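Listed below are the residues making up each chain.
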Amino acid sequence: MKYLLDLDNWPRKDHFNFFKQFEEPFFGVTVTIDCTKAYNKAKEDGISFFLYYLHKSLAAANTVEAFRYRIKGNEVLVYDELHASPTINRPDGSFGFAYMDFHNDFETFYDEAQKETERVQNSKGLVPAVSGENVIHFSSIPWINFTSLSHARSFSFNDCIPKISFGKMTDTNGVKTMPVSVHVHHALMDGYHVGQFIERFQQLMDESEVKQEEVLKM
């Protein structure tokens, strides 16, 4: 489901009209996330750490309304829910695109995401996923502890979908951290909104499954 944002009563109307004219309207930040508790829980439960933090990040993005905005001409659509369009790495060094529905219930998400992961890993080529606009573009670069990141862009394509990338997890005296890059369209949000996402993502990485429901209601 989606609806049109009331631009006339949106405090960012001038920001929208200003930044949507830019040839490169995306801005990005790279932050470090403490994933000690999340990693330990994933290993304790015998589940994929990638799918675990992917679900946490998608849940966090869904709590920030600005991440659910999409540009349609001179209007802004607001989607009720976001899903995942991640890259899936293959043993041969290539990757393919995937699509995963979001579910608040992690077990449901995990079961479906595992099937999609296996499907892409057992295929060849990019396997374009027909996912629509109400997604987050995710990518994982688990070999690099990066401090900044840029994305390949086709400027002739009017893209406004947020892009979140995860880097290599490192361990320093028992504290596990991971770089996370967030790129978003400046006509739709500012650093304030990215900060909201980062804060909620960290909260979810630190919380139990029971407490996660409380964070999602924020």
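Residues numbered from 1 in each chain as written. Predicted model: local features only at pLDDT ≥ 70, side-chain atom pairs only at ≥ 80, totals over all residues. Heavy atoms only, no water.

Examining the overall build of the chain
Next, step 1: When you go through the chain residue by residue, the secondary structure sums to 6 helices and 10 strands.
Next, step 2: Along the three orthogonal principal directions, the C-alpha set of the chain runs to about 50 × 40 × 35 Å.
Next, step 3: In the chain, which comprises 218 residues, the proportion classed as buried is 50%.
Next, step 4: Between the mean site of the 22 positive side-chain charges and the mean site of the 30 negative ones, the chain shows a separation of 3 Å. (Helix = DSSP H or I, 4+ residues; strand = E, 2+ residues; numbered from the N terminus. Buried < 20%, exposed > 50% of the residue type's maximum accessible area, 1.4 Å probe, protein only. Lys, Arg positive; Asp, Glu negative; His and termini not counted. Charge placed at Lys NZ, Arg CZ, Asp CG, Glu CD.)

Side note on the environment of Gln202
Next, step 1: For Gln202, the location among the structural elements is in helix α5 (residues 191-206).
Next, step 2: Exposure remark for Gln202: the relative accessible area of 18% places this residue in the buried category.
Next, step 3: Each C-alpha atom of the pair Gln202 and Trp10 lies 28 Å from the other, and the pair is 192 residues apart in sequence.
Next, step 4: Sequence-distant contacts of Gln202, defined by excluding residues within four places in its chain, comprise Ile33 and Asp34. (Contact = heavy atoms within 4.5 Å.)

Points about the packing of aromatic side chains
Next, step 1: One pass over the full model with this rule turns up 16 aromatic pairs.
Next, step 2: With a centroid separation of 5.5 Å and an interplanar angle of 80°, the aromatic rings of Tyr52 and Phe106 are classed as edge-to-face. Separated by 54 residues along the polypeptide, Tyr52 in helix α3 (residues 49-63) and Phe106 in helix α4 (residues 106-121) bring together distant segments of the chain. Assigned by exposure class, Tyr52 and Phe106 land together as buried.
Next, step 3: Among the aromatic residues, those joined into a ring-pair cluster are Tyr39, Phe49, Phe50, Tyr53, Phe67, Phe138, Phe166, Phe197 and Phe201. (Phe/Tyr/Trp six-rings, centres within 6.5 Å; stacked < 30°, edge-to-face > 60°.)

Thoughts on the UniProt feature "active site" (unreviewed entry) in the chain
Next, step 1: UniProt annotation of "active site" (unreviewed entry) refers to His186 when read in the numbering used here.
Next, step 2: With respect to the helices and strands, His186 occurs in the loop between β10 (175-185) and α5.
Next, step 3: What His186 contacts, discounting residues up to four positions off in sequence, is Arg12, Phe19, Pro25 and Phe27. (UniProt positions renumbered as here; feature names shortened; annotations may be inferred.)

Describing unusual backbone geometry
Next, step 1: For Asn173, which is not glycine, the phi torsion reads 55° and is therefore positive.
Next, step 2: The topology assignment puts Asn173 in the loop between β9 (170-172) and β10.

Quick word on the nonpolar core
Next, step 1: Grouped together as the largest cluster of nonpolar side chains are 57 residues, with contacts concentrated most on Phe67 and Phe197.
Next, step 2: When residues in this core are grouped by element, the largest group, 10 residues, is from α3.
Next, step 3: In this view, Phe67 contacts Ala61, Leu82, Ile136, Pro162, Val182, Val184, Met189, His193, Val194 and Phe197; residues no more than four positions away in its chain are not counted. (Core = buried A, V, L, I, M, F, W, Y, C linked by side-chain atoms within 4.5 Å.)

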